[in-house]
Each structure stands twice: as C-alpha cells, then as structure tokens.
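Examining the three-dimensional arrangement
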Amino acid sequence: MLRILPVVVLVLAVGLAAVDAQGNWQWRSHGKPKWNVKIKSAMAVMLDGKLFGIGGNHLLYERVWTGSSWTWTDHGKPSYNIFNPTNFQEEPCVLADGKLFATTLQGDLYERHWTGSQWAFGSHSNPGTDIEGCSAVRGSTDMVFLRGFDGTLRERFWNGNAWAWRNHGRPAPGVDAFGTTSSYAISGPTTRVFVPGRNGHLYRFTLDAANQGSWQDLQAPPGKSVRKVHATASGGIFAITDDGDVCRRSGTWTCYGKPDNKHVWDCSDPILLDSQYITLYTLFCVHTGSYQELYQLTVYPGGSDWVNRGKPSGTNTFVDRPTVMFSGPHSRVFVPANDGKVYELYPPGQP
C-alpha cells in the first residue's frame, strides 16, 4: 500500500546502502505517544520528517522532527458524538506534505491537512459503500484510491472546484478487489493503481489524463496467489503471496523466496537505489511467527539477497509493516512493535 509520494528516485548515496549488506545497522526506540497509548498501524511518512500512525485508542498521532529532536503530537480525531463515531483504523495515506487521508472503522474517509496556520480535519464520508485501504497520488489532480466493501475500486478526486467520487468497478467480471490499493503517477500524466483480486491475481487499473480507465490482469506468480501489493513508479511492483514469498512483476513474475525460510506477511514500499554503476531495488519485510525480525531484500541485475536486520531489544513481534523515510540524509526504516512503541532502524553513518 503506497503511503507517500511515489515519484521520488532514491540515489544510492542517500543512505540506504543495500550493498553494505554486513553494515552495523542500529535500532532506536521512539517510544509511544503516551504511556497508555500504543501505536497499532504502520507509520505513514511525509517527505520532511513527519510520520503519522494510528493509536490503539483510534486517534491519529504524529512523530515529527523539530530540527533538534523528535516529539509526538496528538492529532485526535474529528468531532463526533455517540451516534456518529469516527475511529481511525489503519495506516494513513499521504498525498503531499501537509495533507493525508485515513479511513475509519465506520467505513468513511477523512482528511487531515495543514491550513497554513493549523491542522484541520475534513470529512469525505463514503461513496455509498464502506471503504478501506487507501493510497493517495498527486497526478493530473489530487486522487485517493480505496477498496469498496462491495469489491469495487473507488476514487476520491479533486475536480478543480470540489471533491467528488468515481466508481471504477471490479477488476474483472465476478472478481472483487481485495485488501489495500497501491498507486502512483507516471508521465503523461497517467495514474496506475494496483489491487489484488479475490481470485489471487494482481490487477492494474490505468487512468489517463482524460479520466479514461482500463483494467489489466497481471496474473500471479505460477502456483501462487497475490495477497498484498506495494508499488512505486521508480521501485517497481512487488507482491506478497499467500505462501509468504516476495515476487516482482516486470513483464513477467520473478520470486525471491523466503528469508531464512520464514513466511513474509508484509513489506515496505519498494525503493530504487540508482547510480551510474548499478541499479538496485530494495524493500524491508517482516515475517510471521512469535519471534519476528526485519529483513531487507535487495534485487540487482542477475540476482537478489536477503539480509537479516534483526529486531529491537525488548520486543519480539511487529504489529504492522515497515515504512521508509528518505528525506535528505535521514533515510531510515520505521516499524511499530507489539509493545506499542515505534522503532527506527538506521544504517551506518547516520546520526
């Protein structure tokens, strides 16, 4: 599920030096927003050192770098009453610096945006069906893609004057969309949205500048079913399969096995590490089990490698996927753990 602007190409020198497979990466704790509040979602990343996640109390929290230190900010949730609750449920999706979206347990979409002087909430309700699994992209206009509980792909978009809904239907006749969407913009401008189908195939929806859309069945790796997808314009299309494998779609499917034979259950968005000498693709993944560690997959011309990056001291499992902040020299991995704290993994040479 894409949660940050997906058009950034990460240069190798930025800091996620996957070629340094044996480097002494370090863990540090960012704690919890409050002593009695645990973070329960992945941390959606903004480009300037802001991360947003959902607490176990269903409120929105921000972890932000002030320029000299990290601090937690409680964004709460929109005003509500007992007859109209708004409880955030999953990883938010970032549209741009100062604007993100989040879905609720009640199946609605809300926006959190910076007005220029303060943060504010905006309600987008729903398109007549409950929605979840958002991804946001700034292409020819601002767009948020979600999966409807009726199996359709729904879009919330800015038409130049107001926000509106579009229904892009099911991926194929009789095939419901399943899980979380992942989207990005490419030149044209064209927007591509990826979503698994309940038949185990991966589907791509392409929307052109004239708002003409079409579905394409990208199938699935032989003998496998696609369960989750994460895609970026530069990093490519990676899927997690029902048997815990990680596979990449680039014309055809290539699978990279399981790290130490452990079943992967989710990964970060894929990142391109590019230089004049070599092109690498990398992503960070967590596996199933009662003792979980973070692994890094790096794909390069002619091969791939899994590297065990370990786990934070004092916690044994993670509660959601890793996300990567690649703002300037501060390129780091963030992941929430079962103790309710958010942990950061950073490579050698980073403060």
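Note that the coordinates shown come from a computational prediction; the quantities given were computed from them, not determined experimentally. (Residues numbered from 1 in each chain as written. Predicted model: local features only at pLDDT ≥ 70, side-chain atom pairs only at ≥ 80, totals over all residues. Heavy atoms only, no water.)

**Regarding the nonpolar core**
The nonpolar side chains of a soluble globular protein tend to be buried with one another. The following threshold applies: Throughout, nonpolar core names a set of buried Ala, Val, Leu, Ile, Met, Phe, Trp, Tyr and Cys residues whose side chains join them through atoms within 4.5 Å. For every residue, the accessible area (1.4 Å probe, protein chains only) is compared with the maximum for its type, and the residue is labelled buried under 20%, exposed over 50%, or partly exposed between those bounds. Going along the chain from the N terminus, every DSSP run of H or I of four or more residues is numbered as a helix, and every run of E of two or more is numbered as a strand. Pairs of residues are marked as contacts when any of their non-hydrogen atoms sit within 4.5 Å.
W27, F284, L294, F318, V324, V333 and L345 are the most contacted members of the largest nonpolar core, which has 17 residues in total. Looking at this core, the elements with two or more residues in it are β24 (271-274), β25 (279-287), β28 (323-327), β29 (330-336) and β30 (342-346). Ranked by the residues each element gives to this core, the list is headed by β25, at 3 residues. Discounting residues that sit within four places of it in the chain, L345 has contacts with W25, Q26, W27, L294, R309, R332 and V333.

**Some details on the environment of W253**
Spelled out, the test is: Pairs of N or O atoms are called polar contacts if they sit within 3.5 Å, as long as, within protein, a hydrogen donor faces a hydrogen acceptor (for residues adjacent in sequence, only side-chain-to-side-chain pairs).
As for its position among the elements, W253 is in strand β22 (residues 252-255). Relative accessible area serves as the criterion here: at 14%, W253 is assigned to the buried category. In this structure, W253 is in contact with L202, L218, Q219, A220, P221, V226, A239, C247 and R248, ignoring residues within four places of it in sequence. Polar side-chain contacts of W253 include one of 2.9 Å to the backbone oxygen of L218.

**Brief notes about unusual backbone geometry**
Here the phi dihedral of Q219 falls at roughly 65°; this positive angle occurs in a residue that is not glycine. Backbone geometry at D260 places phi at a positive 50°, although glycine is not the residue there. Relative to the assigned elements, D260 resides in the loop between β22 and β23 (264-267).

**Some remarks on the side chain of K99**
Along the chain, K99 falls in strand β8 (residues 99-103). One polar contact links K99 to E111, side chain to side chain, over a distance of 3.5 Å. With sequence-adjacent residues up to four places away left out, K99 is seen in contact with M46, V94, E111, R112, H113 and W163.

**What to know about the sheet that holds strand β12 (residues 142-148)**
So the rule is basically this: Two strands qualify as a pair provided that DSSP identifies no fewer than 2 bridges between them. Axis geometry follows a simple rule: fit a line to the C-alpha atoms, using only the stretch in contact for helices, then measure angles between N-to-C directions, giving values from 0 to 180 degrees.
Within the open sheet, the 4 strands sit side by side as β11-β12-β13-β14. Their pairing is antiparallel. Each edge of the open sheet carries a strand with a single partner, namely β11 (131-138) and β14 (163-167). The average undirected angle you get between the axes of adjacent strands in this sheet is 25°. Sheet topology places β11 next to β12; 6 bridges connect them, and they run antiparallel. Bridging across to β12, I131 finds its partner in G148.

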